[in-house]
Amino acid sequence: MSESAAQEIPMSRRQLLSFVTGGAIAATTAATLYPVVLYFLPPSTAGGGEGVAAKDKEGKDISVSKLLAAATPGEPVLTLGLDVNGGDATYIVINDQKEIANFGINAVCTHLGCVVPWDNGAKQFKCPCHGSVYNADGGLERGPAPQPLALVKATVSDDKVLIAPWTEQDFRCTDLWCNKDPYWVK
Ligand code: FES
């Protein structure tokens, strides 16, 4: 064996050792972090779907068939959903055909956090605390609120409404406010 070959072999062993050690550290780190990551993911409470099931005020999963049977076309229904804006009060949006829209609206006013009621006559959300007004999509129509109501994703699965974070572009623009990047995604 030449001198240069004899020097190469220990180098290869060192590299192999550091590779194996590095792999073991990575595997240990992954095993440690896995439950931590799981903790921060929203639990899925309905088969095969994505997100948390919207709940009634008693904390029970909402039944889509019962909700639609009692719903008025165009009138959103207040439920408990996902805490994306300092509170989990969430409107499920019912369209004029009495179907559930693919987005829900977080009901927490972006001014000082009051839950904003729906005015079915005006077809607007009107905050009783300081008078902010939002349109039927939660778009900002009148301050002092600085931003529209936050959006969430809504999908129907196994007679439940699953609520998940809305991370796509904000589709709402009003004269008062327009920003395509969802402000509630940190
Ligand atoms: S909390 Fe809604 S306007 Fe102030």
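Residues numbered from 1 in each chain as written. Predicted model: local features only at pLDDT ≥ 70, side-chain atom pairs only at ≥ 80, totals over all residues. Heavy atoms only, no water.

Quick notes on the sheet that holds strand β10 (residues 160-165)
As summarised here, the arrangement of the 6 strands in space is β1-β10-β9-β4-β3-β2, forming an open sheet in which the pairing is antiparallel. Each end of this open sheet is capped by a strand with a single partner; those strands are β1 (52-53) and β2 (77-80). Both β1 and β10 contribute to a ladder of 2 bridges, which runs antiparallel. When the sheet's bridge partners are listed, V52 is paired in β10 with I163. (Pairing = 2+ DSSP bridges. Helix = DSSP H or I, 4+ residues; strand = E, 2+ residues; numbered from the N terminus.)

Side note on the UniProt feature "disulfide bond" in the chain
Inspection of the UniProt-annotated bridge between C114 and C129 gives a sulfur distance of 1.9 Å, within the under-2.5 Å criterion for a formed disulfide. Placement of C114 in the loop between β4 (100-106) and β5 (118-119) and of C129 in the loop between β6 (124-126) and β7 (133-134) is noted, with a sequence separation of 15 residues between them. Using a relative accessible area of 21% as the deciding quantity, one classes C114 as partly exposed. Its relative accessible area of 35% is what places C129 among the partly exposed residues. (Disulfide = S-S within 2.5 Å. UniProt positions renumbered as here; feature names shortened; annotations may be inferred. Buried < 20%, exposed > 50% of the residue type's maximum accessible area, 1.4 Å probe, protein only.)

Observations regarding the sheet that holds β7
Pairing is antiparallel across the open sheet formed by 4 strands, whose spatial order is β5-β6-β7-β8. Looking at the sheet topology across the chains shown, the edges are occupied by β5 and β8 (140-142).

Some words on the state of the cysteines
Enumeration over the complete set of coordinates arrives at 2 disulfides. Across the disulfide from C114 sits C129; the S-S distance is 1.9 Å. With the S-S dihedral at roughly -105°, the linkage between C114 and C129 falls on the left-handed side. Along the chain, the cysteines that take part in disulfide bonds pair up as 1-2, 3-4, counted in sequence order.

A short note on the pattern of salt bridges
For the structure shown, the criterion picks out 6 salt bridges. Here D61 and K55 are joined by a salt bridge, their closest N and O atoms 2.7 Å apart. K153 serves as the salt-bridge partner of E168, at 3.1 Å between the closest nitrogen and oxygen. Placement of the pair is E168 in the segment after β10 and K153 in strand β9 (residues 151-157), with a sequence separation of 15 residues. What makes E168 partly exposed here is its relative accessible area of 36%. Given a relative accessible area of 25%, K153 falls into the partly exposed group. (Salt bridge = Lys/Arg side-chain N within 4 Å of Asp/Glu carboxyl O.)

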